[in-house]
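# A look at the structure
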Amino acid sequence: DAKQAREDLADHRKKADADRKVLDDRVRDLEASISQAESTVASKTADVDSKLRSARTELACANERIAALEQQAEEQRAEFARLEKQRVAALDGKTAALLLAEREKVQRE
């Protein structure tokens, strides 16, 4: 009886040791996987952060360019309006001169 009990106990210990080794190996594998995942996440996060900084810089440059182009367009619109007023004034002056000349011609006749 005692001998059988010792053998059973020894068998249980062997099985428990084998189970513990399997679980310890599994824990090490999981820890390695977690460490690798953390490293991958850190690397991808750094990559995304870098791309985000680059995109923000590009956006800031584009916004500055847009503002400059809008300013240039506004200046050109103002210049066009000024030139159009001059053209209209010149035409009005020419028309008035032609009308005056025609009136004088009619009066002479």
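Just so it is clear, the model here is predicted, and its values are computed rather than measured.

## Some details on the overall build of the chain
On a plain count of helices and strands, the chain comes out with one helix and zero strands. Rg of the C-alpha trace for the chain: 46 Å, well past the compact-globule value of 13 Å for 109 residues, more than 25% over. Overall size of the chain, expressed as C-alpha extent along the three principal axes, is 155 × 20 × 10 Å. For the chain, buried positions account for 0% of its 109 residues. When the accessible surface of the chain is split by element, carbon and sulfur atoms take 57% of a total near 10,000 Å². Placing the 22 positive and 24 negative side-chain charges of the chain at their respective mean positions leaves the two points 2 Å apart.

## Some remarks on the pattern of salt bridges
Considering all chains together, one arrives at eight salt bridges under this definition. The closest approach of N and O atoms between Asp25 and Arg28, which form a salt bridge, is 2.3 Å. With Asp25 and Arg28 both in helix α1 (residues 2–108) and three residues apart, the pair spans about one turn of that helix. The exposure class assigned to Asp25 is partly exposed, which follows from its relative accessible area of 27%. For Arg28, a relative accessible area of 48% corresponds to the partly exposed category. Close ionic contact of Glu79 with Arg82 constitutes a salt bridge, the shortest N to O distance being 2.4 Å. Of this pair, Glu79 and Arg82 both sit in helix α1, separated by three residues, roughly a single helical turn. Via salt bridges that share partners, Lys21, Asp25 and Arg28 belong to a single interconnected network.

The rules behind each value
- Residues numbered from 1 in each chain as written.
- Predicted model: local features only at pLDDT ≥ 70, side-chain atom pairs only at ≥ 80, totals over all residues.
- Heavy atoms only, no water.
- Helix = DSSP H or I, 4+ residues; strand = E, 2+ residues; numbered from the N terminus.
- Rg over C-alpha atoms; globule rule 2.2 N^0.38 Å.
- Buried < 20%, exposed > 50% of the residue type's maximum accessible area, 1.4 Å probe, protein only.
- Areas by Shrake-Rupley, 256 points an atom, 1.4 Å probe, with all protein chains shown as cover.
- Lys, Arg positive; Asp, Glu negative; His and termini not counted.
- Charge placed at Lys NZ, Arg CZ, Asp CG, Glu CD.
- Salt bridge = Lys/Arg side-chain N within 4 Å of Asp/Glu carboxyl O.

These results come straight from atomic positions and should not be treated as a statement about function.
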